[in-house]
Amino acid sequence: MTQRITINPITRLEGHGKIEIFLNAAGDVERAFFQVPELRGFETFCLGRPAEEMATITPRICGVCPTAHHMASIKALDDLWKVEPPPTAKKLRELAYNSFMFEDHLLHFYFLGGPDFVLGHEAPKAERNILGVINKVGLEVARKLIQIRKDVRGMLETMMGKVIHPVFGLPGGVSKGMTNEERAEYLKIAERAVEFANFSLKVFESIVLRNDKLLGLVLDEAFVHKTYYMGLVDKKNRVNFYDGDVRVVHPNGKELEKFSAREYREHIAEHVEPWSYVTFPYLKKVGWSGFVDGPSSGIYRVAPLARLNVCEGMATPLAQSEHNRMFAALGGKPAHQTLAFHWARLVEALQAAERMRELLEDSEITGPEIRICPTATPAEGVGIVEAPRGTLIHHYWTDANGLLTKVNLIVATNHNAAPIAMSVEKAAMGSIRHGEVDEGLLNKVEMAFRAYDPCHACATHTLPGRMPLRASIHDHQGRLIRLLSKDEP
Amino acid sequence: MTDSFKPKSDSGDVSTRRREGMTELAGRVNQQKGRAIIVGLGNPLLTDDAVGPRVAGLVYDILSSPDVDFRELAAGGVELMETVLGYKKAVIIDAILTEEGTPGTCYRLDLASLRPTLHAAMSHEIGLLEGLDLGRRLGLAVPDSVRVYAVQIVDPFSFGTKMTDSVERALPRAANEIAAEVRVFLNESNGNDQVLWIEEHHHADSSRHSV
């Protein structure tokens, strides 16, 4: 039996990004709220399970950052069982993690940030997409991207069993070592990765930095927020994606505090709003002052630009040079331009590629000792890594048998939730004056939050692959006066 | 006590069903592949969102053909495109929520209804058609034909490894019905669901085939 019916994309799984805008009596924006559908009950779902399962469960929270969840989980399990992985295992983990950062960052730059930067925000709607980007940069560049991504993911598949749902890390080490033959093969891939990251920065320079309009967009005050910043750093305060202490800098760039993973709850609190399931983390030391920026507001940002603002330098030489160039162009450090997240992402991709090469040049990475079996009685463990989208915290509590009694995860998009809300509100303010709504409202809103590369798990696998945006505009009496939507028929 | 963790697809996990060849995936797309691939889209930890991998796994078992591979995937866009590279035909099975659908109802989706994403906001926001078109423009071996099924579900938002009763009950029937259609589709010389490339397709009423 066949029936023809009309599919209404509204009813597919991805849900909507909803923006509620409330105007004051003068017709200007009073408040704007950005909401996305949220998944429910993950922490409850975990309770009673053996803690070691978390390394395979958490990558399934979201199809976008599985490796980040896997790595944060494994580090939390190391801490839970108080076991220090041997040097070879640490190097293998760091290699896998930098490889993941490299390919994820480049994918974002070309396919997601690309339409804003490579084509420009004023390009016709029909061209502002991936295919438009390819037309601009050329098929050869896109082919190179797909090829290097394929090479790196092939390497990850061999190292980690699966790319999307890794079976690699174990408490105290990893499940598989590396042969000398593999090392030689991967080193060639790492060389190509460095080359492609460098090339991508040149693409950015030639297309964006040499274009006054596009550079002006990066520097545009409409996309500026002077906030605190947070990220992992190594002992020399250099960017580290896999390990280190959490460093927080003031909007003026000076260090506010630095703490270990285990201490995060002494420094971060979470604010709750009645209109969102998402919590809004803030710095305890500064306090919650609402959705505002500046030194008196405890709101902070994470992710690429935050990490570069937080560090005293990059961990690798070529990335350091690009770091210096970026901050010189942005007017010094810290840089508060939200759209510079895209640029910082490329600098980080270069560091990730260089670090891949460094690790593969180290013969210890093929060492035989890849795990120390844990023997301690578990109780509590915390693991932190820098996901592509920012600081990712896993915190587990167990009984003496290792069964979970409590779980707390703070994901990158969580940290950035308040800044994203602020950026959306600022974009709305710039587009609505005296009750007149700029038709480009949704474009500007999208650009504002796209820079953060937010990860809303609800949309991880949808076939249309988009999250329709809807903006409801209410007058000062709360009445709906306008409904704007995008990517709906 | 919570139910023990057992990915729904473990009845045929990707690493063990066909499967030697399939673990080679990303970097070795041209090695030892079947002619067709069945992809189950969904997250086995999100209650009914598991329906794609569950039904796809059953369809794979029913077809029991050495020429057909199986893969579970919880990602769209570029990764989905990369997953189907090298195959002549691809069948994708996902979950769907419609306002009036009965849990367990299977739909065959018209590819034209999966319109391309023009404004990707997040890294997974690249549509199926857009991903395939990207692959084609890059000269990659995208399938000649793609067919998409979706199964009506109830709850894709709550974490849990148990699907809702109505969806669970409908699973065998859904798998059998889809398998019957897919068998015909795979035996057709060129398939009857041609990929509609972006520059060619126009938006029309999406058709569903209720099987």
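Note that the structure is a prediction, hence the values are computed from the model and not measured.

1. A closer look at the overall build of chain A
Looking only at helices and strands, one finds 15 helices and 17 strands in chain A. Taking all 489 residues of chain A together, the buried fraction comes to 57%. Considering only contacts within chain A whose residues lie at least 6 apart along the sequence, 72% involve residues at least 24 apart.

2. Notes on unusual backbone geometry
Look at the link from K333 of chain A to P334 of chain A: it is a cis peptide, with omega at 0°. The backbone of S64 of chain B sits at a positive phi, close to 45°, despite the residue not being glycine. Positionally, S64 of chain B belongs in the loop between α1 (51-63) and β2 (68-73). We classify S64 of chain B as exposed; it has 8 C-beta atoms within 10 Å.

3. Details of the pairing of strand β12 (residues 390-398) of chain A
Residues and elements named next belong to chain A. The element β12 is extensively covered by neighbouring structure, given that 8 of its 9 residues are classed as buried. In sequence, strand β11 (residues 380-387) turns back onto β12 through a hairpin of 2 residues. Relative to strand β13 (residues 404-410), β12 is paired through 6 bridges, and the arrangement is antiparallel. Of the residues in β13, the one forming a bridge with H394 is L409. What sits between the antiparallel neighbours β12 and β13 is a turn of 5 residues, in which G402 has the positive phi angle 80°.

4. Observations regarding the sheet that holds strand β1 (residues 36-41) of chain B
Residues and elements named next belong to chain B. Taking strand neighbours across the sheet as the criterion, the 5 strands line up as β2-β1-β3-β5-β4 in an open arrangement whose pairing is mixed. For this open sheet the edge positions go to β2 and β4 (106-109), each flanked by a neighbour on one side alone. Strand-to-strand twist in this sheet, taken as the mean axis angle between neighbours without regard to direction, amounts to 20°. Looking at chain direction, β1 and β2 are connected through 6 bridges and run parallel. Following the sheet pairing, I37 is matched in β2 by D69.

5. A few points about helix α7 (residues 180-209) of chain A
Residue and element names in this part refer to chain A. In a regular helix each residue adds 1.5 Å, so 30 residues correspond to 44 Å; α7 covers 42 Å between its end C-alpha atoms and thus fits that length. Of the positions making up α7, those classed as buried are Y186, I189, A190, A193, V194, F196, A197, S200, L201, V203, F204 and V208. Where α7 is buried, its residues touch α4 (87-117), α5 (130-137), α6 (139-160), α8 (212-219), α11 (317-330) and α12 (341-361).

6. A word on the pairing of strand β6 (residues 245-249) of chain A
All names here are of chain A. In terms of burial, β6 is largely enclosed, as 4 of its 5 residues are buried. Strand direction decides the pairing type here: strand β5 (residues 228-233) and β6, joined by 5 bridges, are antiparallel. Bridge assignment links L232 to a residue of β6, and that residue is V246. In the sheet, β6 pairs with strand β7 (residues 255-259) via 4 bridges, with the strands oriented antiparallel. Looking across to β7, one finds that R247 is bridged to K258. Connecting β6 to the next strand, β7, in antiparallel fashion are 5 residues, including G253 with a positive phi near 100°.

7. What to know about the domain arrangement of chain A
Residue and element names in this part refer to chain A. The domain boundaries assigned to chain A delineate domain 1 (14-37 + 416-486) and domain 2 (82-265 + 303-366). The C-alpha-based centres of domain 1 and domain 2 are spaced at 28 Å. Between domain 1 and domain 2, the residue contacts involve 14 residues of the former and 14 residues of the latter. The set of elements that each furnish at least two residues to the side of domain 1 that touches domain 2 consists of α14 (417-431) and α15 (441-450). Per-element tally for the side of domain 1 that touches domain 2: the top contributor is α14, with 6 residues.

8. Here we look at the nonpolar core
Among the nonpolar cores identified, the biggest contains 210 residues, and A193 and V424 of chain A together with V59 of chain B are the most heavily contacted of them. The residue makeup of this core includes at least three contributed by each of domain 1 (14-37 + 416-486) and domain 2 (82-265 + 303-366) of chain A. For A193 of chain A, the contacting residues outside a window of four places in its chain are F102, I148, V152, A353 and M356 of chain A.

9. Considerations on the packing of α7 of chain A against α12 of chain A
Residues and elements named next belong to chain A. Viewed as axis vectors pointing N to C, α7 and α12 meet at an angle of 160°, and their least axial separation amounts to 8 Å. With respect to each other, α7 and α12 are oriented roughly antiparallel. For α7 against α12, the interelement crossing comes out left-handed. Residue-level contacts link R183, Y186, L187, A190, E191, A193, V194, A197, N198, S200, L201 and F204 of α7 to W343, L346, A349, L350, A353, E354, M356, R357, L360 and E361 of α12. Grouping the constituent residues of the contact of α7 with α12 by class yields 15 nonpolar, 2 polar and 5 charged.

10. Section: the sheet that holds β12 of chain A
Residues and elements named next belong to chain A. Read from one edge to the other, the open sheet built from 3 strands follows the order β11-β12-β13, with strand pairing classed as antiparallel. Looking at which strands have only one partner, the edges of the open sheet turn out to be β11 and β13. Looking at each pair of strands side by side, their axes are set apart by 10° on average, direction ignored. Contacts between helix α3 (residues 66-80) and the sheet are confined to β11 and β12, with β11 contributing the most and set at about 150° to the helix.

11. Some remarks on the packing of α11 of chain A against α12 of chain A
Residues and elements named next belong to chain A. Between α11 and α12, whose axes approach to 8 Å, the crossing angle comes to 165°. Put simply, α11 runs roughly antiparallel to α12. Considering the relative orientation of α11 and α12, their crossing is left-handed. Where α11 approaches α12, its residues L318, A319, E322, H323 and M326 are matched on the opposing element by W343, A344, V347, L350, Q351 and E354.

What counts and what doesn't
- Residues numbered from 1 in each chain as written.
- Chains lettered and ligands numbered in written order.
- Predicted model: local features only at pLDDT ≥ 70, side-chain atom pairs only at ≥ 80, totals over all residues.
- Helix = DSSP H or I, 4+ residues; strand = E, 2+ residues; numbered from the N terminus.
- Buried ≥ 20, exposed ≤ 12 C-beta atoms within 10 Å, placed from the backbone.
- Contact = placed C-beta atoms within 7 Å.
- Pairing = 2+ DSSP bridges.
- Axes fitted to C-alpha atoms, helices over the stretch in contact; angles between N-to-C directions.
- Expected span 1.5 Å × (residues − 1).
- Domains from an automatic or database assignment.
- Core = buried A, V, L, I, M, F, W, Y, C linked by C-beta atoms within 7 Å.
- Parallel < 35°, antiparallel > 145°, perpendicular 65-115°, else oblique.
- Left-handed = near helix turned anticlockwise from the far one by under 90°.
- Nonpolar A, V, L, I, M, F, W, Y, C, P; charged D, E, K, R; others polar.

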